[in-house]
Amino acid sequence: MGRALRADAERSVRAILEAAEQVLADDPRASMEQIGERAGLTRTTVHRRFANRKALTDALAISAKQQLADAIEAGNPDSAPPLVALHRVTANVLRTKNAWRFTLGSPLADTSAAEEIWDRINARCMDLLTRAQRDGLLHPAADLEWTRQVYYALMSEALQRFPEDQDPDANATDTLATLVIDTLLHGTGRRN
C-alpha cells in the first residue's frame, strides 16, 4: 500500500514540476494554484508536495539540472569514441534544454543543490573535452575552459532554432548537434 502511495506521490511531483515549467515560462509570477490547475491537481496537493513557491522553484531547478546531467551520462561520455560521445551528449543536452528552457535559463535555478549538479555537469564536460583533445579532435594547445564556454554558447544559439512551443524531432536535434560539433571543431572559416 505504501509503495503505491509513493508512486502516486512521485507522479504528482513530476506533474507539478512539468506544469510549473510551462506555466512559469508563460508567466513567471504565476500562482501555485495556476500551476496546480495545469498539472490537473488541487492547490492542496501542490502545497502538500511543496510548502511554498520557493520550495517548488528549488525543486524545479534541481530536477531540470539533474535531467541535464542524466542526458549527458546517456551520451556515454566515458566509453563512446570522443566524436560520437560529443554528438550524443550535444543532441541529448539540446533536447533537455529545450524541454526545460525557462528553468535552465532562469536565476531561479541557482540553488546550492542545483549548483552542485551544475559543477558536476561542468566537470563531465571538461572530461569529455579532454578526451577529445587527447584523441586529436581539438588542438593540443586549445584552452579547454574557453572551449567549454564556446561549446555551451553554441548550444544556446542552436536552441534559438527550435520553436519554443514544440519539441524538435530527432532529425532536427541531430542536425543541430552536428552543426554545433562541426562549428566547435572546425569553426566557420574556409577549409583547405
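Residues numbered from 1 in each chain as written. Predicted model: local features only at pLDDT ≥ 70, side-chain atom pairs only at ≥ 80, totals over all residues. Heavy atoms only, no water.

> Is there a simple way to explain the environment of Gln133 in this structure?
Position of Gln133 relative to the elements: it lies in helix α7 (residues 112-134). Taking the C-alpha atoms as reference, Gln133 lies 21 Å from Asp119; in sequence the two are 14 residues apart. Excluding anything up to four places from it in sequence, Gln133 contacts Leu138, His139, Pro140, Ala141, Ala142 and Leu144. (Helix = DSSP H or I, 4+ residues; strand = E, 2+ residues; numbered from the N terminus. Contact = heavy atoms within 4.5 Å.)

> For this particular structure, what's the right way to read the packing of helix α4 (residues 53-74) against α7?
α7 packs onto α4 with a crossing angle of 15° between their chain directions and a minimal axis gap of 9 Å. Compared by their axis directions, α4 and α7 come out roughly parallel. Between α4 and α7 the crossing geometry is left-handed. Residues Ala61, Ile62, Lys65, Gln66, Leu68, Ala69, Ile72 and Glu73 of α4 touch α7, and the partners they reach there are Ala113, Ala114, Glu115, Ile117, Trp118, Arg120, Ile121 and Arg124. Across the contact of α4 with α7, the residue classes tally to 10 nonpolar, 1 polar and 5 charged. (Axes fitted to C-alpha atoms, helices over the stretch in contact; angles between N-to-C directions. Parallel < 35°, antiparallel > 145°, perpendicular 65-115°, else oblique. Left-handed = near helix turned anticlockwise from the far one by under 90°. Nonpolar A, V, L, I, M, F, W, Y, C, P; charged D, E, K, R; others polar.)

> Would you mind showing me how to read helix α5 (residues 82-99) here?
Within an α-helix, residues lying three or four positions from one another point in the same direction, as the helix has 3.6 residues per turn. Its 18 residues place the ends of α5 25 Å apart at the C-alpha level, agreeing with the 26 Å of an ideal helix rising 1.5 Å per residue. Regarding α5, the residues found buried are Pro82, Ala85, Leu86, Val89, Thr90, Ala91, Asn92, Val93, Leu94, Thr96, Lys97 and Asn98. The secondary structure elements touched by the buried residues of α5 are α4, α6 (101-104), α7, α8 (144-159) and α9 (170-186). (Expected span 1.5 Å × (residues − 1). Buried < 20%, exposed > 50% of the residue type's maximum accessible area, 1.4 Å probe, protein only.)

> Got a minute to help me understand the packing of aromatic side chains in this structure?
For any pair of aromatic rings, geometry is given as the distance between the ring centres together with the angle between the planes. Per the counting criterion, the structure on display carries 2 aromatic pairs. Geometrically, the ring pair formed by Trp118 and Tyr152 is tilted, given 5.8 Å between the ring centres and 55° between the ring planes. Here Trp118, found in helix α7, pairs with Tyr152, found in helix α8; they are 34 residues apart in sequence, far enough to count as distant. Considering the side-chain rings of Tyr151 and Tyr152, the 6.3 Å spacing of their centres and the 40° angle between planes classify their relative orientation as tilted. Per residue, the accessibility class of Tyr151 equals that of Tyr152, and both read buried. (Phe/Tyr/Trp six-rings, centres within 6.5 Å; stacked < 30°, edge-to-face > 60°.)

> Would you mind showing me how to read α9 here?
Here α9 is 17 residues long and its end C-alpha atoms lie 24 Å apart, about the 24 Å a rise of 1.5 Å per residue gives. Every buried residue belonging to α9 is among Thr173, Leu176, Ala177, Val180, Ile181, Leu184 and Leu185, and all of these are buried. Along the axis of α9, the buried residues cluster in a sector spanning 160°; they form a single face. Exposed residues pointing more than 90 degrees away from the buried face of α9 are listed as Asn171 and Thr175. Its buried side turned inward, α9 meets α5, α7 and α8. (Arc of directions from axis to C-beta.)

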